[in-house]
Amino acid sequence: MRTYFAKLNDQNIVVDVHVVSPEFMAENPDRYTGVWVETFYNLPNKTYAAVGDTYDYDTQDFIAPLPVE
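Every value quoted in this text rests on a predicted model; they were computed, and no experiment measured them.

Some words on the side chain of aspartate 61
- Within the secondary structure layout, aspartate 61 lies in strand 5 (residues 61-63).
- For aspartate 61, which is buried and forms no salt bridge, the nearest opposite charge comes from lysine 46, at a distance of 5.3 Å.
- Within polar-contact distance, the side chain of aspartate 61 engages the backbone nitrogen of threonine 47 at 2.7 Å.
- In contact with aspartate 61, other than residues within four places in its own chain, are Asn45, Lys46, Thr47, Thr54, Tyr55 and Asp56.

Below, the structure is given as structure tokens:
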């Protein structure tokens, strides 16, 4: 089973997304520094993370940036 994680910067903005197991992340802490949160591509009530999205800790979901006009 594939597991997806999004790396957040200090403003909760997604800066990277990786397909990696939680075990591999735990075994390689030098490669996965910072804050990583799991993201799901196949859940109807969750948004799959994309670079530039903001993570909302209250809803535990990702919010896409507003389009620039």
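A word on the packing of aromatic side chains
- Here the structure, examined in full by the defined rule, presents six aromatic pairs.
- Pairing tyrosine 4 with tyrosine 41 gives two aromatic rings, centres 5.2 Å apart and planes at 80 degrees, and the pair type is edge-to-face. Of the two residues, tyrosine 4 sits in strand 1 (residues 4-8) while tyrosine 41 sits in the loop between strand 3 (35-39) and strand 4 (54-56), which places them 37 residues apart along the sequence.
- The buried category is assigned to tyrosine 4, whose relative accessible area is 12%.
- Relative to tryptophan 36, the ring of tyrosine 32 lies with its centre 5.2 Å away and its plane at 70 degrees, an arrangement referred to as edge-to-face. Like tyrosine 32, the residue tryptophan 36 is buried in the burial classification.

Calculation rules
- Residues numbered from 1 in each chain as written.
- Predicted model: local features only at pLDDT ≥ 70, side-chain atom pairs only at ≥ 80, totals over all residues.
- Heavy atoms only, no water.
- Helix = DSSP H or I, 4+ residues; strand = E, 2+ residues; numbered from the N terminus.
- Buried < 20%, exposed > 50% of the residue type's maximum accessible area, 1.4 Å probe, protein only.
- Lys, Arg positive; Asp, Glu negative; His and termini not counted.
- Salt bridge = Lys/Arg side-chain N within 4 Å of Asp/Glu carboxyl O.
- Polar contact = N/O pair within 3.5 Å; in protein donor to acceptor, adjacent residues only side chain to side chain.
- Contact = heavy atoms within 4.5 Å.
- Phe/Tyr/Trp six-rings, centres within 6.5 Å; stacked < 30°, edge-to-face > 60°.

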